[in-house]
Amino acid sequence: DNQASILPDECILCGRCYVTCPQGCKIIRSDKEKALSLLQSGNCRVSLAPSYVAAFPGTTIQTMEEALLALGAAGVEETAIGATIVKKAYDEMLEAATGAPILTTCCPAINELVRKYYPECAPYLAPVLSPMLAHGKDLKERYPGCSVLFIGPCIAKKSEAEDKSV
C-alpha cells in the first residue's frame, strides 16, 4: 500500500530501520506496562544490562537496585553474571574442541545475520545461550517460580526473550 514494511525473512532485528527511517515511522514496542506488572507480581528478579550507566549517567548499581526494589522487584543483579556463565561454557567448548571452527557471539542480531545471510556458517555458531538468557536461566534455578525481567537497550533481545525453544 505504498508504505514501508519490515520483511521478516530479511530482518535480523538489528534496529537499523528504527535509526534510519526518514519518516520516523518505526517505533520500538514498549513493554513498560508488562515490566511494571512483572515487578509488582511479588517474585520478579531483574537482570540489569551494564548499559544502564549510559542511559542514566551518574547512576550506580546500588541506586538502580533501590529504585527497582521500590517498584516491587524481589532482587536485582547485573547481567554480567550471565556473561560469566557464557564465558565458562565457551572455555569448556574450547577445551573439547576438535579443530572445527567455532563462531562465538552474544549478539542475537549477529546470530540472525549468520543464519539468514551466511547459512553455510550457521553450523559453526556456538550452541551457547546469550548472557541475558544464561542469567535468566540461572535466576530461575536459584529462585524457583520467579519471573525474570531483563532491562537493557537491545531491540533484538525482545525477540530472543520470546523464543520458546530456550
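Scroll up a little and you will see the structure.
In what follows, the accompanying structure is described. (Residues numbered from 1 in each chain as written. Predicted model: local features only at pLDDT ≥ 70, side-chain atom pairs only at ≥ 80, totals over all residues. Heavy atoms only, no water.)

Some words on the overall build of the chain
Helix and strand content of the chain: eight helices and three strands. In sequence order, the chain lays out its α and β elements as α-α-β-α-α-β-α-α-α-β-α. Taking the principal axes of its C-alpha atoms as reference, the chain extends roughly 55 × 50 × 30 Å. Taken over 166 residues, the chain has a buried fraction of 27%. For the chain, the proportion of contacts with a sequence separation of at least 24, taken over those separated by at least 6, is 70%. Here the chain contributes 16 positive and 19 negative side-chain charges, whose respective centroids are spaced 3 Å apart. (Helix = DSSP H or I, 4+ residues; strand = E, 2+ residues; numbered from the N terminus. Buried < 20%, exposed > 50% of the residue type's maximum accessible area, 1.4 Å probe, protein only. Contact = heavy atoms within 4.5 Å. Lys, Arg positive; Asp, Glu negative; His and termini not counted. Charge placed at Lys NZ, Arg CZ, Asp CG, Glu CD.)

Structural notes on the nonpolar core
Taken as a class, soluble globular proteins show a tendency for nonpolar side chains to be buried jointly. Counting residues in hydrophobic clusters, the biggest one holds twelve residues: Ala35, Leu39, Cys44, Val46, Leu48, Tyr52, Ile61, Met64, Leu68, Ala73, Val76 and Leu149. Looking at this core, the elements that each hand over two or more residues are α2 (32-39), β1 (44-48) and α4 (61-70). For cysteine 44, the residues in contact, after removing those within four places along its chain, are Leu38, Leu39, Ala73, Ala74, Gly75, Ser147 and Leu149. (Core = buried A, V, L, I, M, F, W, Y, C linked by side-chain atoms within 4.5 Å.)

Considering the layout of surface pockets
Considered as a void within the structure, the largest pocket measures approximately 1400 Å³ in volume. Every residue lining the largest pocket is counted, 41 residues in all, and those nearest its centre are Val148, Leu149, Phe150, Ile151 and Ala161. Among the secondary structure elements, those contributing two or more residues to the lining of the largest pocket are α2, α3 (52-55), α4, α7 (131-142), β3 (147-151) and α8 (156-162). (1 Å grid on protein atoms, 1.4 Å probe; cavity = no way out; pocket = protein on both sides within 12 Å on 5 of 7 lines; lining within 4 Å. Points joined across faces, edges and corners; volume = space filled by probe spheres on them.)

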